[in-house]
Amino acid sequence: MFKLLLCCLVVSGAYAINHGTQAADFEAYMKKFGKVYTPAEKNNAQFYYNYHKNLIAQQNALADRKASSYRVNENQFSDIRLITFAARLPEARYPTTSFNVTPITPIEVAPPEFDILSQWGIELVAQDQGTVCSSSWAYAVARSIQILNAIQVGNFTPLNNSAQALIDCAGMGNGCTTQVPQIAFDYLTQNGALLLNEADYPATNTDSQQGMCKPQMPPSAIKVDSYGTIPDGNDALLMRYVASEVPVIVEYNPATFGFMHYSSGVYVPPVRAQASSSQFLVVVGYGHDTESDLDYWLCLNSFGDTWGEKGFIRIVRSSTQPIAKRAIFPNSLGTIATTPSTPTTTTRATPITP
Ligand SMILES: *[C@@H]1O[C@H](CO)[C@@H](O)[C@H](O)[C@H]1NC(C)=O
């Protein structure tokens, strides 16, 4: 009897302590990620936060035992459930026509590993699309052009291009839902629009809908002449383009616990995801990870620089799970406008007919 009582006292004591720690952890989480809730929201948020904390511990225990090649951590999405996360990044919808041109010819033989950014020492801080607007299509386009432009003009601490200008001006009302990179490339190549700097057109990533397009006469901006595409599943061609220093955007399904909370290592997606969502990533390199003995693609995401490996994710490179999906890239850039009236910025490359 005495033993039984003691046991329960100990257990309930542990529960109280555990409960207190949990509450403190959640308060720290709220502070770290700037979360503000109504009391009702807070209950839910705390529930999912604790739920994810357990899953995170389980996944990292697997990684500790080398039974998994990647780790996870709490982040800005830990207070919502996976299906909410998936719903906020709805599956992309594509236009039926494309203005892609026959792209530049990539190098024939890609080296075993390559990293566009480290090749040139390009300094790039991953940007944050926020948690309520599915705008990776715009961020990926802005970033792919930024990288290509940095290489072409030899400025390796490039100004950030404005994703928000693309969301507002090219989004066609779907800027925060199902929009795709091609629409941004069409806007930039078919309408003669220039890609603005973030300084001239700042981000507003807490809005869940695209804003009104604010036309600008930019003091400096980038002209995009044409874009190219890669057939689905053709990872070998994708590799040749990346090795040719072309950052390539791919559509990826982020609707898994592992992607949602990814923090490091080589991410291996489950064979079947629970939902179909769309996140656009910029493939900037590839290589081999000696720790896990896995080949990977190095991809830039737009979940900020505290998500993943400083905002990047290494995704397993394998013939059974090809990454080339709706792959698209800036093919050639025009002259940079130094003043709004520079006429050379409106010249366009003649599309080559295949
Ligand atoms: C570009 O954006 C990143 C991430 O938001 C930021 O840290 C960096 O300071 C920006 N760079 C410039 C030149 O404004």
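Above: the structure in question.
Residues numbered from 1 in each chain as written. Predicted model: local features only at pLDDT ≥ 70, side-chain atom pairs only at ≥ 80, totals over all residues.

*Asks:* Would you take a moment to explain the overall build of the chain for this structure?
*Replies:* Along its length, the chain carries nine helices and ten strands. Relative to its full complement of 354 residues, the chain shows a buried share of 42%. Across the chain, contacts joining residues at least 24 apart in sequence account for 75% of those joining residues at least 6 apart. (Helix = DSSP H or I, 4+ residues; strand = E, 2+ residues; numbered from the N terminus. Buried ≥ 20, exposed ≤ 12 C-beta atoms within 10 Å, placed from the backbone. Contact = placed C-beta atoms within 7 Å.)

*Asks:* When you look at the packing of helix α6 (residues 163-170) against helix α7 (residues 181-190) in this model, what are you seeing that I'm missing?
*Replies:* For the pair α6 and α7, the least separation of the axes is 10 Å and the interaxial angle reads 85 degrees. Classified by the angle their axes make, α6 and α7 are roughly perpendicular. Note on element contacts: α7 touches α6 through Ile183, Ala184 and Tyr187, opposite Leu166, Cys169 and Ala170. Of the residues that constitute the contact of α6 with α7, the class distribution is six nonpolar, no polar and no charged. (Axes fitted to C-alpha atoms, helices over the stretch in contact; angles between N-to-C directions. Parallel < 35°, antiparallel > 145°, perpendicular 65-115°, else oblique. Nonpolar A, V, L, I, M, F, W, Y, C, P; charged D, E, K, R; others polar.)

*Asks:* Looking at this model, I keep getting lost on the site of the ligand. Mind explaining?
*Replies:* As a structural note, the neighbourhood of the ligand is formed by Val125, Gln127, Leu159 and Asn160. Here the residues of the shell around the ligand are counted per class, giving two nonpolar, two polar and no charged. (Near = placed C-beta within 6 Å.)

*Asks:* Explain α7 here, please?
*Replies:* Since there are 3.6 residues in each turn of an α-helix, residues three or four apart along the chain are aligned in direction. Burial runs high along α7: eight of the ten residues are buried. The complete set of buried residues in α7 reads Pro181, Gln182, Ile183, Ala184, Phe185, Tyr187, Leu188 and Thr189. Once α7 finishes, Gly192 follows within two positions and takes phi at roughly 65 degrees, a positive value.

*Asks:* I keep staring at the packing of helix α5 (residues 136-153) against α7 and nothing clicks. Help me out?
*Replies:* Helix packing for two helices is described by the angle between their axes and how far apart those axes are. At a closest axis distance of 8 Å, the pairing of α5 and α7 adopts a crossing angle of 50 degrees. The angle between α5 and α7 places the two elements in the oblique class. Judged by the twist between their axes, the crossing of α5 over α7 is right-handed. Mapping the contact onto sequence places Trp137, Ala138, Ala140 and Val141 in α5 and Pro181, Ala184 and Phe185 in α7. Split into classes, the residues belonging to the contact of α5 with α7 amount to seven nonpolar, no polar and no charged. (Left-handed = near helix turned anticlockwise from the far one by under 90°.)

*Asks:* Help me understand the environment of Leu166 in this model?
*Replies:* In this structure, Leu166 sits in helix α6. On the basis of neighbour count, Leu166 is assigned to the buried category, with 32 C-beta atoms found within 10 Å. Note: C-alpha distance between Leu166 and Ile183 (17 residues apart in sequence) is 9.0 Å. Contacts of Leu166, omitting those with residues within four sequence positions, involve Ala138, Val141, Ala142, Ala184 and Tyr187.

*Asks:* Teacher, can you tell me more about the pairing of strand β4 (residues 221-230) here?
*Replies:* Within a regular strand, side chains alternate between the sheet's two faces. In terms of burial, β4 is a largely internal element, eight of the ten residues being buried. Sheet topology note: the strand β3 (residues 194-196)/β4 ladder contains three bridges and is antiparallel. If you follow Leu194 over to β4, its bridge partner there is Lys223. Here β4 runs beside strand β10 (residues 327-333); their pairing, made up of six bridges, is antiparallel. Of the residues in β10, the one forming a bridge with Ile230 is Ala327. (Pairing = 2+ DSSP bridges.)

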